Amino acid sequence: MNIPLSTQPDTISENQSRYLKSHRRHHHLISLFRLLLVVLFLSLWELAAAKEWIDVFFFSSPSGIVLYLYQMLVDHSFFTNTGITLLETIISFLLVTLLSLLAATLLWYANSLAEVLEPYLVVLNSLPKSALAPLLIVWLGTGTNTIIVAGISVAVFGSIINLYTGFCQADPEMLKLIYTLGGNRRDALIKVILPSSIPLILSNMKVNIGLSLVGVIIGEFLAARQGLGYLIIYGSQVFQLNMVITSIIILCAIAMAFYKLIQSMEHYYRKKF
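Procedures and definitions
- Residues numbered from 1 in each chain as written.
- Predicted model: local features only at pLDDT ≥ 70, side-chain atom pairs only at ≥ 80, totals over all residues.
- Heavy atoms only, no water.
- Core = buried A, V, L, I, M, F, W, Y, C linked by side-chain atoms within 4.5 Å.
- Buried < 20%, exposed > 50% of the residue type's maximum accessible area, 1.4 Å probe, protein only.
- Helix = DSSP H or I, 4+ residues; strand = E, 2+ residues; numbered from the N terminus.
- Contact = heavy atoms within 4.5 Å.
- Expected span 1.5 Å × (residues − 1).
- Bend = angle between axes of the 7 residues up to and from the residue.
- Axes fitted to C-alpha atoms, helices over the stretch in contact; angles between N-to-C directions.
- Parallel < 35°, antiparallel > 145°, perpendicular 65-115°, else oblique.
- Left-handed = near helix turned anticlockwise from the far one by under 90°.
- Phe/Tyr/Trp six-rings, centres within 6.5 Å; stacked < 30°, edge-to-face > 60°.
- Lys NZ or Arg CZ within 6 Å of the ring centre and 35° of its normal.
- Polar contact = N/O pair within 3.5 Å; in protein donor to acceptor, adjacent residues only side chain to side chain.
- Nonpolar A, V, L, I, M, F, W, Y, C, P; charged D, E, K, R; others polar.
- Salt bridge = Lys/Arg side-chain N within 4 Å of Asp/Glu carboxyl O.

1. Re the nonpolar core
Part 1 of the reasoning: By size, the foremost hydrophobic cluster in this structure holds 44 residues, and its most contacted members are Trp 108 and Ile 193.
Part 2 of the reasoning: The dominant element in this core, judged by the number of residues it contributes, is helix α7 (residues 144-168), at ten residues.
Part 3 of the reasoning: Excluding its chain neighbours within four sequence positions, the residues that come into contact with Trp 108 are Tyr 164, Phe 167, Cys 168, Tyr 179, Arg 185, Ala 188, Leu 189 and Ile 193.

In C-alpha cells form, the structure reads like this:
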C-alpha cells in the first residue's frame, strides 16, 4: 500500500513538469516564428527598395523609417504626438469600459428596457463612425473633447451589446440557486453575473482598445493639430511618406503593447482562478 502512495505524487509531478515544458516550448516557438516573420518582411522590403523594385518615394524603406524616427526623437515630436494620441486613447478606452459595463448592467436589470433599446444599439453600432465625425466637430468644435468622443463612439455600442449578451448567457442553474436561497437580482449580479463574466470583460477590453485607437485616429484626421493621426493626414497631403508610414508603425506598436497588457491580465486571472 505504501508503494503507490510514494510513487503516485512523483508520477503526477513528472507529468505536470513535462506538460509545462511542452507548453513553454510551444509559446517560445510561436514567438520565434512571429519574430522571424517580421524580420523576413522587413528584409524583403529593404531589399526591394535597394534594388529599386519599388519606388522609395511612394513605399519608403525600413532604413528610411528608422532615420525619420530618429529625427522625431531628436526634435521631440515623437514624444509630443505619441503622448497626445496615447492619452486620448487611454481616456476613450477607460470611458468605453465604464460606460459599457454600466449600460449592460442596466439592460440586464431591466429586461423591458433592453427589449426596447436593443435594435437602436444595433443600428448605432452599424453606423460608419467616420460619418459622425463632422457632426461631432460642429457640436463640440475641434480639440481633445471631439477626439475622445470619436474614440468612444466607435467602440461603446458594440461593447454594450457584447456584454449584455454575455450577462444573459450566465449559468441559469446558479441563478436559480441564488433565487431559491432568497437572493435578489442584486445578489445574482454580484455573485454570479459579474464573476462569471470576467473573462468576457477582459476579452471585450482587448477589442475595445483597438477600436478606441481607431476612433481617436479618425478624430485626429479631422479635428487635431497634433497627434499621430494628424501626422498621417498631413504627411499624405505633402507627400512625406516616411512620416505617414512611421506614424502607422508607431500606431501598430501602441496597439500591440495595449493588447499584450490586457492579455497578461487575462493570463493572470486564468492562473489565479
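2. Focus on helix α5 (residues 111-126)
Each α-helix turn comprises 3.6 residues. Residues three or four places apart therefore point the same way.
Part 1 of the reasoning: For α5, built from 16 residues, the straight-helix expectation of 22 Å at 1.5 Å per residue is met to within 8% by its first-to-last C-alpha distance of 22 Å.
Part 2 of the reasoning: Helix geometry: α5 is bent most strongly at Leu 117, by close to 40°, with proline Pro 119 lying one to four residues after it.

3. Side note on the packing of helix α11 (residues 228-237) against helix α12 (residues 241-272)
Part 1 of the reasoning: Close contact between α11 and α12 brings their axes to 8 Å; oriented N to C, the two are set at 155°. If you check the angle between α11 and α12, you find them roughly antiparallel. Note on packing geometry: the crossing formed by α11 with α12 is left-handed. Contact residues: Leu 228, Leu 231, Ile 232, Tyr 234, Gly 235 and Ser 236 in α11; Met 243, Val 244, Ser 247, Ile 248, Ile 250, Leu 251 and Ile 254 in α12.

4. Looking at the packing of aromatic side chains
Part 1 of the reasoning: Inspection of the entire model under this criterion finds six aromatic pairs.
Part 2 of the reasoning: Considering the side-chain rings of Phe 57 and Phe 239, the 6.5 Å spacing of their centres and the 20° angle between planes classify their relative orientation as stacked. Of the two residues, Phe 57 is situated in helix α2 (residues 56-59) and Phe 239 in the loop between α11 and α12; the sequence distance between them amounts to 182 residues.
Part 3 of the reasoning: With centroids separated by 5.9 Å and ring planes inclined at 20°, the aromatic side chains of Tyr 230 and Tyr 234 adopt a geometry described as stacked. Placement of both Tyr 230 and Tyr 234 in helix α11 is noted, with a separation of four residues, approximately one turn of the helix.
Part 4 of the reasoning: Through a chain of ring-to-ring contacts, the aromatic side chains of Phe 57, Phe 58 and Phe 239 assemble into a single cluster.
Part 5 of the reasoning: For the cation-ring pair, Arg 185 lies above Trp 108, with the distance from its terminal atom to the ring centre recorded as 4.0 Å.

5. Re the side chain of Ser 92
Part 1 of the reasoning: Checked against the element boundaries, Ser 92 lands in helix α4 (residues 77-109).
Part 2 of the reasoning: Among the residues examined, Ser 92 registers a relative accessible area of 0% and is labelled buried.
Part 3 of the reasoning: Looking at Ser 92, its side chain comes within polar contact range of the main-chain oxygen of Ile 148, at 3.2 Å.
Part 4 of the reasoning: The contact partners of Ser 92, leaving out residues within four places of it in the chain, are Ile 147, Ile 148, Gly 151, Ile 152, Ser 212 and Val 216.

6. Section: the packing of α5 against α7
Part 1 of the reasoning: Between α5 and α7, whose axes approach to 9 Å, the crossing angle comes to 140°. Considering the angle they form, α5 stands oblique to α7. Judged by the sense of rotation from one axis to the other, the crossing of α5 with α7 is left-handed. The segment α5 lies against α7, with Ala 114, Leu 121, Val 122, Leu 124 and Asn 125 engaging Phe 157, Gly 158, Ile 160, Ile 161 and Tyr 164.
Part 2 of the reasoning: Here the contact of α5 with α7 is built from residues that sort into eight nonpolar, two polar and no charged.

7. As for the pattern of salt bridges
Opposite charge on two side chains permits pairing when their charged atoms draw close.
Part 1 of the reasoning: Counted under the stated rule, the structure contains one salt bridge.
Part 2 of the reasoning: The shortest N-O distance in the salt bridge between Glu 266 and Lys 206 comes to 2.8 Å. Of the two residues, Glu 266 is situated in helix α12 and Lys 206 in helix α10 (residues 198-223); the sequence distance between them amounts to 60 residues. We note that Glu 266, like Lys 206, is buried.

8. Concerning unusual backbone geometry
Part 1 of the reasoning: Even without glycine at this site, Glu 52 takes up a positive phi of about 60°.
Part 2 of the reasoning: Topologically, Glu 52 is positioned in the loop between α1 (2-50) and α2.
Part 3 of the reasoning: The class for Glu 52 is exposed, based on a relative accessible area of 69%.

9. Brief notes about the environment of Ile 245
Part 1 of the reasoning: Relative to the elements of secondary structure, Ile 245 occurs in helix α12.
Part 2 of the reasoning: Residues Ile 245 and Ile 147 lie 98 residues apart in sequence; the distance between their C-alpha atoms is 22 Å.
Part 3 of the reasoning: Those residues in contact with Ile 245 that sit more than four places away from it in its chain are Trp 45, Phe 59, Ser 60 and Ile 65.

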